[in-house]
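Each chain is listed here by its residues.
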Amino acid sequence: MTAQIIDGKALSQRLRVGFRERVERLKARGVSPGLAVVLVGDNPASRVYVGNKIKACEECGVHSLHIGLAADVSEAEVLATIERLNRDAGIHGILVQLPLPAHIPIARVLEAISVHKDVDGFHLYNVGALVTGTSIFPPCTPYGVQLLLDTTGIDVAGKNAVVVGASNIVGKPMGLMLLQREATVTICHAKTRDLAQHTILADILIVAAGKPGLIVPQMVKEGAIVIDVGINRLPDGRIVGDVCFDAVKEKASWITPVPGGVGPMTVTMLIENTLRSAERAFKAADEDEFQDWEAPVVKSPD
């Protein structure tokens, strides 16, 4: 068996075509969707991520505002910047690029962002609302993984889903989103004993541990769907995931590559959430004219 590739880059491009249509629809009604990205300090990796997000905005016709703050900026100034953006009617999404300098408390910054502009899905309200399935904005990476799973055409209900990694950004919300779809979910983490004992039972294996080569074929069930969220740079400069791709693809039924799998979807779902915010703002102003938001429809490959 050789796994079918779940192409996140191709799916992302298809979704962005639809995004441009939604942007034009909003602009025709006087609304120009806007995303503000706040970067504190000069972390090289963060600069790349911010650049990718701004480029995605340009591609989809979304207005982007890049705010750069010095690494030694005060907490008060960061919070004041967020408050200004909260009040700005032309900004529909606010993203603070992580990590932040050590003297800036991440939790306080994320909680300062308006729930209605929290397009990263990191506010306590949005994270907590995943438990009841009422989150306004799903976290971007798990949301992207959910759509990638949709492309397989396989119903996750009743399947054994194992998530390796228990971060607040990916692992925990991913587990909750799978539960909403009635999967049986196991979340593994750094203290899990005998990781392979859990992964070998997975019909759906999602790996977000940040450890290159962590998952080898002996740990994967024959025919499993394998989603690799990991992005690791090796000493020789290569970018790899947490899964031994070449070996595991001979055992899985579906697998995401790195790069080109989950990564493009994370940025795409950020734009999706920003458009959703703009549409919700328009609907609040004109209940009769605009239909409520609906999740993107992803068809399985022919």
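Quick caveat, the model's predicted, so the values are computed rather than measured. (Residues numbered from 1 in each chain as written. Predicted model: local features only at pLDDT ≥ 70, side-chain atom pairs only at ≥ 80, totals over all residues. Heavy atoms only, no water.)

### Description of the pairing of strand β8 (residues 225–228)
Each regular strand carries side chains that alternate between the two faces of the sheet.
Here is step 1: Burial along β8 is two-sided: I225 and I227 facing one way and V226 and D228 facing the other are all buried.
Here is step 2: Bridge count between strand β7 (residues 204–207) and β8: four bridges; the pairing is parallel. If you follow V207 over to β8, its bridge partner there is D228.
Here is step 3: With two bridges connecting them, β8 and strand β11 (residues 254–255) associate as parallel partners. Residue pairing in the sheet places V226 in a bridge with I255 of β11. (Buried < 20%, exposed > 50% of the residue type's maximum accessible area, 1.4 Å probe, protein only. Helix = DSSP H or I, 4+ residues; strand = E, 2+ residues; numbered from the N terminus. Pairing = 2+ DSSP bridges.)

### With respect to helix α2 (residues 44–60)
Here is step 1: An ideal rise of 1.5 Å per residue puts 24 Å on 17 residues; α2 measures up with 25 Å between its terminal C-alpha atoms.
Here is step 2: Residues S46, V50, K53, I54, A56, C57 and C60 constitute the buried set of α2. Buried residues of α2, viewed axially, fall in a sector of 155°; they line one side. When the buried face of α2 is taken as reference, the exposed residues oriented beyond 90 degrees from it are P44, V48, K55 and E58.
Here is step 3: The opening residue of α2, the one whose side-chain oxygen lies 2.9 Å from the backbone nitrogen of A45, is N43. (Expected span 1.5 Å × (residues − 1). Arc of directions from axis to C-beta. Polar contact = N/O pair within 3.5 Å; in protein donor to acceptor, adjacent residues only side chain to side chain.)

### Considering the environment of E21
Here is step 1: If you trace the backbone, E21 turns up in helix α1 (residues 8–27).
Here is step 2: On the accessibility criterion, E21 (56% relative accessible area) is exposed.
Here is step 3: Separated by 257 residues in sequence, E21 and A278 have C-alpha atoms that sit 14 Å apart.

### Topic: unusual backbone geometry
Here is step 1: The linkage connecting L98 with the following residue, P99, adopts the cis geometry, with an omega of 5°.
Here is step 2: Its location among the elements puts P99 in the loop between β4 (93–96) and α4 (106–112).
Here is step 3: Cis geometry is found at the peptide bond from V258 to P259, where omega equals 0°.
Here is step 4: By the secondary structure assignment, P259 is in the loop between β11 and α10 (262–285).
Here is step 5: Notably, E182 is not glycine yet its phi reads approximately 65°, a positive angle.
Here is step 6: Exposure remark for E182: the relative accessible area of 58% places this residue in the exposed category.
Here is step 7: If you check the backbone angles, D194 has positive phi at about 55° while not being a glycine.

### Focus: the sheet that holds β11
Here is step 1: Taken in spatial order, the six strands line up as β1-β11-β8-β7-β5-β6 in an open sheet, and their pairing is parallel. Taken across any chain shown, the strands that pair with only one partner, and hence form the sheet edges, are β1 (4–5) and β6 (184–188).
Here is step 2: As paired elements, strand β5 (residues 160–164) and β7 share four bridges and run parallel to each other. Residue pairing in the sheet places V164 in a bridge with V207 of β7.
Here is step 3: Against the sheet, helix α7 (residues 171–180) contacts β5, β6 and β7, and its axis sits at roughly 170° relative to β6. (Contact = heavy atoms within 4.5 Å. Axes fitted to C-alpha atoms, helices over the stretch in contact; angles between N-to-C directions.)

### Side note on the state of the cysteines
Here is step 1: What the rule picks out here adds up to zero disulfides.
Here is step 2: Free of any disulfide, C57 has its nearest cysteine sulfur in C60, 7.5 Å distant.
Here is step 3: Residue class for C57 comes out buried when judged on its relative accessible area of 1%.
Here is step 4: Take C244: it sits in no disulfide, and the sulfur closest to it among the cysteines is that of C188, at 17 Å. (Disulfide = S-S within 2.5 Å.)

### Comments concerning the nonpolar core
Here is step 1: In terms of nonpolar packing, the biggest core is built from 45 residues, with L149, I206 and I227 touching the most fellow members.
Here is step 2: When residues of this core are assigned to their parent elements, the largest contribution, seven residues, is made by α10.
Here is step 3: Setting aside residues up to four positions removed in sequence, I227 forms contacts with I6, V145, L149, L205, I206, V207, T256 and V262.
Here is step 4: One finds V40, V73, I82 and I104 within the second-largest nonpolar core, a separate group that totals 19 residues. (Core = buried A, V, L, I, M, F, W, Y, C linked by side-chain atoms within 4.5 Å.)

### A few points about the pattern of salt bridges
Here is step 1: Counted by the stated rule, this structure contains nine salt bridges.
Here is step 2: For E83, the salt bridge identified is with R87, shortest N-O distance 3.5 Å. With E83 and R87 both in helix α3 (residues 75–87), this residue pair falls four residues apart, about one helical turn. (Salt bridge = Lys/Arg side-chain N within 4 Å of Asp/Glu carboxyl O.)

### Examining the sheet that holds strand β2 (residues 34–40)
Here is step 1: The strand order across the open sheet formed by three strands is β3-β2-β4, and the pairing between neighbours is parallel. Edge strands, defined here as strands with exactly one partner in the open sheet, are β3 (63–69) and β4. Across this sheet, the average inter-strand angle for adjacent strands is 15°, counted without regard to direction.
Here is step 2: Summarising the sheet, β2 and β4 pair through four bridges and their orientation is parallel. Of the residues in β4, the one forming a bridge with V37 is L95.
Here is step 3: With respect to the sheet, α2 is in contact with β2, β3 and β4, its orientation differing from that of β2 by roughly 170°.

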